[in-house]
There are 2 protein chains.
Amino acid sequence: MELREFELVQRIIKLLDIKEVDDCAILPFGNEYIVITTDMLHKSTDFPDSMTPWQIGWMAVAVNLSDIAAMGAKPCGVLMAIGFPRNISLQFFEEIINGMNACAKRYNTKVIGGDIDTHQELTLVGNAIGIVQKDLIIKRKGAKVGDLVCVTGNIGDAAAGSVALEVLKNDYNIPDNIRNTFTTALFEPKPRVKEGMALAKSKVVTSMMDISDGLAISLHELARINKIGFKIYWNRVPILKEMKDIFNLQKLLELVLYTGGDFELLFTVNPYKLEHAKRACNFTVIGEVIENGVFIEINGVKEKLDDRGYEHVRQKVQKL
Amino acid sequence: MELREFELVQRIIKLLDIKEVDDCAILPFGNEYIVITTDMLHKSTDFPDSMTPWQIGWMAVAVNLSDIAAMGAKPCGVLMAIGFPRNISLQFFEEIINGMNACAKRYNTKVIGGDIDTHQELTLVGNAIGIVQKDLIIKRKGAKVGDLVCVTGNIGDAAAGSVALEVLKNDYNIPDNIRNTFTTALFEPKPRVKEGMALAKSKVVTSMMDISDGLAISLHELARINKIGFKIYWNRVPILKEMKDIFNLQKLLELVLYTGGDFELLFTVNPYKLEHAKRACNFTVIGEVIENGVFIEINGVKEKLDDRGYEHVRQKVQKL
């Protein structure tokens, strides 16, 4: 019998007596929290052939730093366990290390250790440690009815990247420079470390998580945890102009709402203190917290937003 | 071209600019160090068919806690990334979780998070976080000529466990109760967390590491790092009496010195302060630190100790 994924996660959480689900696990140390996260990536699911080894290394670090960013924490170090097939070349291996190193450095941290082992399938399991003052940490729990819903950056670029990769199989006419923007968004995601820390410092963010699994599924997750609902306005969701030129509305909705891959932050803000948050970083208000249900208004019509995203066990249950 | 393992590790250390190699990576926090480690285990290398899922979970936690113990630190939490084949049962999966949980609890810590994903091969990548006062941490570096060489527990039980498993293929007559002792040592290793912390508190240990890769290879590693040598006395190495009844000298040497799997601590002590250390925990003095070379005296004859152990990339380069 194949494992039912939802049941599996519920069982783990129960067996381990885990009370709160966040982007990172949290350990108290004096006036601060150490936050810590791990993510398993591997060839068949996460590293398409068109991805360079440098990008594989970058991604394996970035995915962990994005979890640190989602708590408003400052990254302190990254460990990486690498399982590699015996037939990969030293050059390929070194490029993975270089990509890891570049991503860690870009976010002012360092790969400080790890483990290597031969493995049937190329497998990278990173873990990142961060630190944040106790009074500044931002959790998934905390959103209140009336709060504003916000996102950093543009949504859908990474999803468009996965379309751009299927160039020979699809009908979209994507200019080369735009194709490059999309695939870079997909393969070299930029975790919002600086933004996460600045938002934490603003003290007006009530809940936060990253949306690497997709915007819709993340909204549903925040709604469940906070026992609230959301109303999102499609015309406020920040989308690259070129996306709108290339894709029709139906495809756009799919890419922007349900596909995932963007390492952006989704967060809620006390509406009376929006100006404080705006001083922290650039972001877009896309809707508001309501009492029940997750809805999107598209061209004046209010619709239910589906609870689905990147179709993958990992993504559904990212943190135990 | 197959990767040459030694070269690979040297390249990683150079590319990442890692200065010191220890059982854990070390992060300073005020008057304390956070120590952190990761270990990748997977089916084809680490989980023989005779291992229960509970033991798989136990092992994946224990191997990380042993690294924490080797720095004299107190474990604060464990994360576990699990890649599982789609065909494993919910019961099998739950038993892995139960084993993880039992091991963490046994050492007064907790599995606080992780990641799950489907994977071709059952793969468990744990990471553990520990804390230790800055003035108490014990590193691999620090051994001085004249120091005494010590080990906790008995050496070779886990190695005998791997022989005991091959019962139909080998000629050794191992009584059932002893077989059980050996296989339990192999599959349910007990990391020396309490002993590591007590030795750190004693402040008289000059260097330490765990010997899960084998006694001989660990001695060579400590010798390299400290630019010293060792003289070990075979008749002082603590070996279970039943081992001597079952195996001849040649096989015993192989199992005790070169096979590995025991989660014991190897450490050096200032000879004038041995009594302080003895108040910390039980251990055995097996030799002394000399200027050069790694030797063992067997029945009055001094021989070179080979630089070999558990034949596996991971073990050779356990920590980057």
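Treat the numbers as computed from the prediction; the structure is a model and nothing was measured.

Details of the state of the cysteines
Residues and elements named next belong to chain B.
No. 1: One pass over the full model with this rule turns up zero disulfides over all chains.
No. 2: Unpaired in terms of disulfides, Cys76 finds its nearest cysteine sulfur in Cys24, a separation of 11 Å.
No. 3: Summary of cysteine pairing: Cys150 is not part of a disulfide, and the nearest cysteine sulfur, belonging to Cys281, is at 9.1 Å.
No. 4: Overall, the relative accessible area of 0% leaves Cys150 in the buried class.

Quick word on the packing of helix 3 (residues 53–69) of chain A against helix 4 (residues 90–106) of chain A
All names here are of chain A.
No. 1: Here helix 3 crosses helix 4 at 35 degrees, and the two axes come no closer than 6 Å. In the crossing of helix 3 with helix 4, the sense of the turn from one axis to the other is right-handed. Here Pro53, Trp54, Ile56, Gly57, Trp58, Val61, Ala62 and Leu65 of helix 3 come into contact with helix 4, specifically with Phe92, Glu95, Ile96, Asn98, Gly99, Met100, Ala102, Cys103, Ala104 and Arg106.
No. 2: Residue composition of the contact of helix 3 with helix 4, by class: 13 nonpolar, three polar and two charged.

Some words on the environment of Gly126 of chain A
Residues and elements named next belong to chain A.
No. 1: For Gly126, the position within the fold is in strand 5 (residues 123–133).
No. 2: Assessed through its relative accessible area of 1%, Gly126 is described here as buried.
No. 3: Leave out the neighbours within four places in its chain, and Gly126 touches Thr37, Thr38, Asp39, Asn64, Leu79 and Met80.

Overview of the interface of chain B and chain A
Many authors give the size of an interface as the accessible area that is lost as the parts come together.
No. 1: The interface of chain B with chain A comprises 64 residues on the first partner and 64 residues on the second.
No. 2: Roughly 5900 Å² of surface becomes buried between chain B and chain A when both sides are summed, with 66% attributable to carbon and sulfur atoms.
No. 3: A per-residue breakdown of the area chain B buries against chain A is headed by Met40, Arg86 and Ile116 of chain B, which together make up 11% of the total.
No. 4: Counting the contacts that link chain B with chain A gives two salt bridges.
No. 5: Across the salt bridge formed by Glu94 of chain A and Arg11 of chain B, the nearest N and O atoms sit 2.3 Å from each other.
No. 6: At the boundary of chain B and chain A, one finds 18 residue pairs in polar contact (both at pLDDT 80 or more).
No. 7: For the side of chain B that touches chain A, the secondary structure elements donating two or more residues are helix 1 (5–16), strand 1 (25–29), strand 2 (32–42), strand 3 (74–84), helix 4 (90–106), strand 4 (111–118), strand 5 (123–133) and helix 12 (313–316) of chain B.
No. 8: For the side of chain B that touches chain A, the class distribution of residues is 33 nonpolar, 16 polar and 15 charged.

Considerations on the sheet that holds strand 7 (residues 205–210) of chain B
Residue and element names in this part refer to chain B.
No. 1: As summarised here, the arrangement of the seven strands in space is 7-9-6-10-8-11-12, forming an open sheet in which the pairing is mixed. Only two strands of the sheet have a single neighbouring strand rather than two, namely strand 7 and strand 12 (301–304). Taken over all neighbouring pairs, the strand axes of this sheet differ in orientation by 25 degrees on average, direction set aside.
No. 2: Against the sheet, helix 8 (residues 215–226) contacts strand 6 (148–151), strand 7, strand 8 (229–233), strand 9 (265–269), strand 10 (284–290) and strand 11 (294–298), and its axis sits at roughly 135 degrees relative to strand 7.

Remarks on the domain arrangement of chain A
Residue and element names in this part refer to chain A.
No. 1: With domains assigned, chain A is organised as domain 1 (22–133) and domain 2 (148–316).
No. 2: If you average the C-alpha positions of domain 1 and of domain 2, the two centres end up 23 Å apart.
No. 3: Contacts between the two partners involve 25 residues from domain 1, matched on the other side by 20 residues from domain 2.
No. 4: Carbon and sulfur atoms make up 62% of the surface buried where domain 1 meets domain 2, a total of about 1900 Å² over both sides.
No. 5: For domain 1, the biggest contributors to the area lost against domain 2 are Ser66, Ala69 and Tyr107; these three give 23% of the whole.
No. 6: There are zero salt bridges connecting domain 1 and domain 2.
No. 7: Counting every contact that joins domain 1 to domain 2 gives four residue pairs in polar contact (both at pLDDT 80 or more).
No. 8: Elements supplying a minimum of two residues to the side of domain 1 that touches domain 2: strand 2 (32–42), helix 2 (43–46), helix 3 and strand 3 (74–84).
No. 9: Ranked by the residues each element gives to the side of domain 1 that touches domain 2, the list is headed by helix 3, at ten residues.
No. 10: In terms of residue class, the side of domain 1 that touches domain 2 is built from 15 nonpolar, five polar and five charged.

Considerations on the pattern of salt bridges
Residues and elements named next belong to chain A.
No. 1: A full pass over the atoms with the stated rule returns 28 salt bridges over all chains.
No. 2: Here Arg224 ties to Asp307 by a salt bridge, and the two come within 3.0 Å at their closest N and O atoms. Within this pair, whereas Arg224 is found in helix 8 (residues 215–226), its partner Asp307 is found in the loop between strand 12 (301–304) and helix 12 (313–316), the two being separated by 83 residues in sequence.
No. 3: With relative accessibility at 46%, the residue Arg224 sits in the partly exposed group.
No. 4: Judged by relative accessible area, Asp307 falls into the partly exposed class, the value being 40%.
No. 5: Glu297 serves as the salt-bridge partner of Lys231, at 3.0 Å between the closest nitrogen and oxygen.

Cut-offs applied
Residues numbered from 1 in each chain as written. Chains lettered and ligands numbered in written order. Predicted model: local features only at pLDDT ≥ 70, side-chain atom pairs only at ≥ 80, totals over all residues. Heavy atoms only, no water. Disulfide = S-S within 2.5 Å. Buried < 20%, exposed > 50% of the residue type's maximum accessible area, 1.4 Å probe, protein only. Axes fitted to C-alpha atoms, helices over the stretch in contact; angles between N-to-C directions. Helix = DSSP H or I, 4+ residues; strand = E, 2+ residues; numbered from the N terminus. Left-handed = near helix turned anticlockwise from the far one by under 90°. Contact = heavy atoms within 4.5 Å. Nonpolar A, V, L, I, M, F, W, Y, C, P; charged D, E, K, R; others polar. Buried area = accessible area lost by both parts, 1.4 Å probe. Salt bridge = Lys/Arg side-chain N within 4 Å of Asp/Glu carboxyl O. Polar contact = N/O pair within 3.5 Å; in protein donor to acceptor, adjacent residues only side chain to side chain. Pairing = 2+ DSSP bridges. Domains from an automatic or database assignment.

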